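Here's the letter readout for the chains.
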Amino acid sequence: VFHGRILARRAVGQETRYEVEVKARYRQRFPLVSREYLWVPNTCGCPALSEGGEYLLMATRHVNHEHTLNRLLLPERGYARAWTPREARLVREAARHC
């Protein structure tokens, strides 16, 4: 779970790739750098993330069996909410208990 700002959006084949500035990390099961690519397995814009918008995102690390693909994946119905100080506070509190 992290707070990110969408820098760019691009359709790549049948997927959407977002360039994201990672602003804060709340739950970290794998390392994140300050800029990441976040992949969504469709081009319909679901979930809808706007360039310049800030969101709380829950992504998974997707690594294929050959270990040739390693990327952040946001499922089509994944957790993506507009960032607000209230949302950030709720996520911080939940992270302490989980």
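Reading the values: the criteria
- Residues numbered from 1 in each chain as written.
- Predicted model: local features only at pLDDT ≥ 70, side-chain atom pairs only at ≥ 80, totals over all residues.
- Heavy atoms only, no water.
- Salt bridge = Lys/Arg side-chain N within 4 Å of Asp/Glu carboxyl O.
- Helix = DSSP H or I, 4+ residues; strand = E, 2+ residues; numbered from the N terminus.
- Core = buried A, V, L, I, M, F, W, Y, C linked by side-chain atoms within 4.5 Å.
- Buried < 20%, exposed > 50% of the residue type's maximum accessible area, 1.4 Å probe, protein only.
- Contact = heavy atoms within 4.5 Å.
- Pairing = 2+ DSSP bridges.
- Axes fitted to C-alpha atoms, helices over the stretch in contact; angles between N-to-C directions.

Visitor: Could you clarify how one ought to interpret the pattern of salt bridges in this entry?
Guide: Side-chain pairs of opposite charge can arise whenever the charged atoms involved come near each other. Applying the stated criterion across every chain yields a total of four salt bridges. Where Glu 19 meets Arg 35, a salt bridge forms, and the shortest distance between an N and an O atom there is 3.5 Å. In this pair, Glu 19 sits in strand E2 (residues 15–25) while Arg 35 sits in strand E3 (residues 35–40), placing the two residues 16 residues apart along the sequence.

Visitor: Explain the nonpolar core here, please?
Guide: The nonpolar side chains of a soluble globular protein tend to be buried, and buried together. If you look at the biggest cluster of nonpolar residues, it comprises 14 residues, and the most contacted ones within it are Phe 2, Tyr 18, Leu 38, Leu 49 and Leu 57. For this core, the secondary structure elements donating two or more residues are strand E1 (2–12), E2, E3 and strand E4 (54–57). Ranked by the residues each element gives to this core, the list is headed by E2, at three residues.

Visitor: Quick question: what am I supposed to make of the environment of Glu 87 here?
Guide: Of note, Glu 87 is situated in helix H1 (residues 85–97). Judged by its relative accessible area of 14%, Glu 87 falls in the buried class. Distance from Glu 87 to Leu 73, taken between C-alpha atoms, is 21 Å for residues 14 residues apart in sequence. Not counting chain neighbours up to four residues away, the residues in contact with Glu 87 comprise Leu 56, Tyr 79, Arg 81 and Ala 82.

Visitor: Which parts of the structure should I look at to understand the sheet that holds strand E6 (residues 70–73)?
Guide: Strand pairing in a sheet relies on backbone hydrogen bonds, with the paired strands running either antiparallel or parallel. Reading across the sheet, the seven strands line up as E5-E6-E3-E2-E1-E4-E7 and stay open at both edges, with mixed pairing between neighbours. The sheet is open, and its two borders are formed by strand E5 (60–63) and strand E7 (80–82), each paired with just one other strand. Across this sheet, the average inter-strand angle for adjacent strands is 45°, counted without regard to direction. Summarising the sheet, E5 and E6 pair through four bridges and their orientation is antiparallel. Among the inter-strand pairings, His 62 is bridged to a residue of E6, identified as Arg 71.

Any functional reading would require information beyond the geometric quantities listed.
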